[in-house]
Each structure stands twice: as C-alpha cells, then as structure tokens.
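A closer look at the structure
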Amino acid sequence: MMASERLENELKNLEEKRKNREISSEEFYKGLIELLPVVREELLKENITEDFAKRNTPFILTFIKSMIREFKKRGN
C-alpha cells in the first residue's frame, strides 16, 4: 500500500470516529499529530518542485508559528 493510501485510510478512520463521537477532540487532535511523522518522511523522500515549495511553505510556516505561540502560552 502506498503511503498516500495509508494516510488517507488513517485520516478517514479518525474523521469517522470523531463524526460518530467515538473519540474526543483531544484524541482526534492527537491522532492527527501522529500522522505528521509519516507525512514528513514521505515529503522528504520526494523530489519536489519549486512551485510546490512556494505553494506549501506558507501553510507549513503558519502551522509552525502557531504551534510555537501555543507552546509559549503553556510555558513550554
């Protein structure tokens, strides 16, 4: 199974569990975070284009800055 299929299946499973209230928001959040290392690993393997990097950098930058601000608020 390709990484994209595996990630898609895991994400759909998480979303379905959340939709059916089988897991809490916290469990859903943690499940999403657990997908990030796989996404990272696969992206680092790819030969990305300059256009792809330009389109996706703002999203990643916003996410990282937001997480850093949250860490600071919690004293981490």
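Here, every reference points to the structure presented above.
Residues numbered from 1 in each chain as written. Predicted model: local features only at pLDDT ≥ 70, side-chain atom pairs only at ≥ 80, totals over all residues. Heavy atoms only, no water.

**Things to note about the nonpolar core**
Counting five residues, the largest nonpolar core is built from Leu-7, Leu-14, Ile-23, Phe-28 and Leu-35. Counting only elements with at least two residues in this core, the list comes to α1 (3-19) and α2 (25-45). In this structure Phe-28 touches Leu-14, Glu-15, Arg-18 and Ile-23, once residues within four positions along its chain are discounted. (Core = buried A, V, L, I, M, F, W, Y, C linked by side-chain atoms within 4.5 Å. Buried < 20%, exposed > 50% of the residue type's maximum accessible area, 1.4 Å probe, protein only. Helix = DSSP H or I, 4+ residues; strand = E, 2+ residues; numbered from the N terminus. Contact = heavy atoms within 4.5 Å.)

**Side note on helix α3 (residues 50-73)**
For α3, with 24 residues, the first-to-last C-alpha span of 34 Å sits near the 34 Å given by 1.5 Å per residue. Most pronounced at Asn-56, the bend in α3 amounts to some 35°, and the proline Pro-58 follows within four residues. Just downstream of α3, Gly-75 is the residue with a positive phi angle, here 75°. (Expected span 1.5 Å × (residues − 1). Bend = angle between axes of the 7 residues up to and from the residue.)

**A word on the layout of surface pockets**
Considered as a void within the structure, the largest pocket measures approximately 660 Å³ in volume. What lines the largest pocket is a set of 21 residues, and nearest its centre among them are Leu-36, Val-39, Leu-43, Phe-59 and Ile-60. Among the elements of the structure, α1, α2 and α3 are those that each provide at least two residues to the lining of the largest pocket. In terms of residue count, α2 provides more of the lining of the largest pocket than any other element does, nine residues in total. In terms of residue class, the lining of the largest pocket is made up of 17 nonpolar, two polar and two charged. (1 Å grid on protein atoms, 1.4 Å probe; cavity = no way out; pocket = protein on both sides within 12 Å on 5 of 7 lines; lining within 4 Å. Points joined across faces, edges and corners; volume = space filled by probe spheres on them. Nonpolar A, V, L, I, M, F, W, Y, C, P; charged D, E, K, R; others polar.)

**Considering a nonpolar patch on the surface**
Together, Tyr-29, Ile-33, Leu-36, Phe-59, Ile-60, Phe-63, Ile-64, Ile-68 and Phe-71 line one region of the surface with nonpolar side chains, adding up to about 820 Å² of accessible area. Of all elements in the fold, only α2 and α3 reach the threshold of two or more residues within the nonpolar patch. Considering each element in turn, the nonpolar patch owes the most residues, six residues, to α3. Locating Ile-60 in the fold gives a position in helix α3. Here Ile-60 falls in the partly exposed class, since its relative accessible area comes to 42%. (Patch = residues over 30% accessible without salt bridge, like charges linked within 9 Å, V, L, I, M, F, W, Y side chains within 5 Å. Areas by Shrake-Rupley, 256 points an atom, 1.4 Å probe, with all protein chains shown as cover. Salt bridge = Lys/Arg side-chain N within 4 Å of Asp/Glu carboxyl O.)

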